[in-house]
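Each chain is listed here by its residues.
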Amino acid sequence: MTRSLHKLCGGRFFTKGASAIRMAANDINRRGIIPGAYVTLIGKDSFPTASINQGAVTDAVYASITLLQQGVIGVIGDVSSSWTSLSALMTSVLEIPQCSFAATAVSFSDKTEYKYFFRTIPTQTLVSDAMMSFAATQGWSKVGIVYSDDAMGQQFCQHTIVQSSINNMQVTRYQAFPSDATTDDIANTIRNVTSGGVRIILLAASVRAQTSIMIQAAEMGYVSDDYVWLISSNIAQDLQVAVDARNHNISSQQPSYPIAINGSAHLDFNSAFNGLFMFDNWLSLDGYPPYEAFLDSWSALDPMAYPYAGHRNISTNEGLAYSCMMVMAEGFSQAVANTTNHTQGLLELKSGDLGQYLIPPAFNVGYVGPEGPMVFDSNGDVTKGNYQIYNLQRGSSVVVGQSMGGEIRFTGSLMYHDGTST
């Protein structure tokens, strides 16, 4: 009997993922993907309390330990990067493969710490591929990068520089800003990047930092007809909230919102930020045959037994969760097939004696799931991602295209700051 741990972590997001994992386990057993073995799931809530304190951390560690003590041979989870790190350190020490469909932090690419960890969700840096491919479609040859001076920002910058040569483009300026950046720090960062004549600027940072930078850039005149900003997440709603708060603070002369105010003029959200382009994960690949097949099966499930299933749509990472379970099973099957005796190989898999063969490259099994081909690099990160392209058009965030596996497809008209499409 093969056991695979999947970790539950409270809330709708992970309940939906749990249903997708259970659906995958049923498909694995029905199709006999691991001949001679039957996959069972052992679930445990690693985040049983609503508060995030030392007690919650202790509970999460305890949940991981109790599950690992039950002889599991694989782990799926956790709900976030911070909680995943707790279990991923333990599974790597014990040579147990762990797949996540939610943890995007670049730190998991460090195989000295997380040797047995891989993931079906793109890292925070992979969006750079979509941004650069988009820039190439517009005929732009030079770009600049503004990024946070942390692991995510640094890797984004490095990855973008590599991608620039692939797209026959040039990163002419790049500048980091610290996490505790002052208004002067941000102003200097923006001036340094644009001083060499750069007019196309990629921005990679947390959503909060991105909103702060965009507001200051607008105050300084760098969000105008002369510039185009490409942003690594869809910040439209957060930016509007921040602009409204800024305007209120100025009018009341009681600045309380923690965004640096570098100007006194009212910012009109609809016009000031017209023409921003934003990129975010794309999970609903309508028309893509493997995705449509997944929806067929998902909609046929009983929602009483599989919470949030039973209808023909998804809203979170269900497809990536399903793929986690499937690639893990395919990898197990291949590892057993590579042994000299199938029966003995199954026993070794069950007892955890095949761990040395189950590092991330072992799961490059040619699997194509609802979110596309699952191809992993040596760090266990998927090499391609799917993204929606959003365009702020007179205050509305409009989907104008998608990037699937690096290929750009436009579905709507673009709008730049001056209101034109070119």
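Residues numbered from 1 in each chain as written. Predicted model: local features only at pLDDT ≥ 70, side-chain atom pairs only at ≥ 80, totals over all residues. Heavy atoms only, no water.

**Q** Just checking my understanding: could you explain the sheet that holds strand β15 (residues 407–410) for this structure?
**A** Backbone hydrogen bonds hold the strands of a sheet together, and the pairing may be parallel or antiparallel. Here we have eight strands laid out as an open sheet, ordered β7-β6-β8-β9-β10-β13-β14-β15, and mixed in their pairing. At either end of the open sheet lies a strand with only one pairing partner, and these are β7 (170–177) and β15. Within this sheet the neighbouring strands show an average axis-to-axis angle of 25 degrees, counted without direction. Pairing analysis gives two bridges linking strand β9 (residues 228–231) to strand β10 (residues 277–281), with the strands arranged parallel. Counted as the bridge partner of isoleucine 231 is methionine 278 from β10. Strand contacts of helix α5 (residues 151–166): β6 (142–148), β7 and β8 (200–204), with the helix running at about 165 degrees to β6, the strand carrying the most contacts. (Pairing = 2+ DSSP bridges. Helix = DSSP H or I, 4+ residues; strand = E, 2+ residues; numbered from the N terminus. Axes fitted to C-alpha atoms, helices over the stretch in contact; angles between N-to-C directions. Contact = heavy atoms within 4.5 Å.)

**Q** Even after reading the chapter, I still don't get the state of the cysteines, so can you show me in this structure?
**A** Working definition of a disulfide: a covalent bond connecting the sulfur atoms of two cysteines. Enumeration according to the criterion identifies one disulfide in this entry. A sulfur-sulfur separation of 2.0 Å characterises the disulfide bridge that pairs cysteine 99 with cysteine 324. In this structure, the disulfide formed by cysteine 99 and cysteine 324 twists by about -80 degrees around the S-S bond and is classed as left-handed. Of the two residues, cysteine 99 is situated in strand β4 (residues 98–100) and cysteine 324 in helix α11 (residues 318–337); the sequence distance between them amounts to 225 residues. A relative accessible area of 0% means that cysteine 324 is categorised as buried. (Disulfide = S-S within 2.5 Å. Buried < 20%, exposed > 50% of the residue type's maximum accessible area, 1.4 Å probe, protein only.)

**Q** Is there a simple way to explain the pattern of salt bridges in this structure?
**A** When the charged atoms of two side chains with opposite charge come close together, those side chains can pair. Considering all chains together, one arrives at five salt bridges under this definition. For glutamate 219, the salt bridge is made with arginine 246, and the minimal N-O distance between the two is 2.6 Å. Pair noted here: glutamate 219 is in helix α7 (residues 207–220) and arginine 246 is in helix α8 (residues 236–252), with a separation of 27 residues, a long-range link. Looking at arginine 246, the relative accessible area reads 3%, which means it is buried. Among the ionic pairs, glutamate 292 bridges to arginine 312, the shortest N-O distance being 2.9 Å. Taken as a pair, glutamate 292 in helix α10 (residues 289–299) and arginine 312 in the loop between α10 and α11 lie far apart in primary sequence, 20 residues in all. Among the charged side chains, a network of salt bridges with common partners joins Glu292, Asp296 and Arg312. (Salt bridge = Lys/Arg side-chain N within 4 Å of Asp/Glu carboxyl O.)

**Q** How should I be thinking about the side chain of asparagine 391 in this particular structure?
**A** Its location among the elements puts asparagine 391 in strand β13 (residues 386–393). A distance of 3.1 Å separates a polar side-chain atom of asparagine 391 from the backbone oxygen of leucine 276. Within the local environment of asparagine 391, its side chain forms a polar contact with the backbone nitrogen of methionine 415, the two atoms lying 2.7 Å apart. Leave out the neighbours within four places in its chain, and asparagine 391 touches Gly275, Leu276, Phe277, Ser396, Ser397, Val398, Val400, Ser413, Leu414 and Met415. (Polar contact = N/O pair within 3.5 Å; in protein donor to acceptor, adjacent residues only side chain to side chain.)

**Q** Just checking my understanding: could you explain the packing of aromatic side chains for this structure?
**A** How two aromatic rings sit relative to each other is given by the distance of their centres and the angle of their planes. Applying the stated criterion across every chain, the model contains 15 aromatic pairs. When the ring of phenylalanine 134 is compared with that of phenylalanine 277, the centres are 4.9 Å apart and the planes differ by 45 degrees; the resulting orientation is tilted. Of this pair, phenylalanine 134 sits in helix α4 (residues 127–137) while phenylalanine 277 sits in strand β10; the two residues are 143 residues apart in sequence, bridging distant segments of the chain. The burial state of phenylalanine 134 is the same as that of phenylalanine 277; both residues are buried. A ring pair is formed by phenylalanine 294 and tyrosine 322, whose centres lie 5.3 Å apart and whose planes are at 70 degrees; its orientation type is edge-to-face. Residue phenylalanine 294 is located in helix α10, and its partner tyrosine 322 is located in helix α11; the two are separated by 28 residues in the primary sequence. Classification of phenylalanine 294 by relative accessible area gives buried; the value is 4%. With relative accessibility at 8%, the residue tyrosine 322 sits in the buried group. An aromatic cluster is present here, built from Phe134, Trp140, Phe277, Phe279, Phe410 and Tyr416 joined pairwise through their rings. It is lysine 16 that lies over the ring of tyrosine 308; its NZ or CZ is 5.4 Å from the centre. Over the ring of tyrosine 306 we find arginine 22, and its NZ or CZ is 4.2 Å from the ring centre. (Phe/Tyr/Trp six-rings, centres within 6.5 Å; stacked < 30°, edge-to-face > 60°. Lys NZ or Arg CZ within 6 Å of the ring centre and 35° of its normal.)

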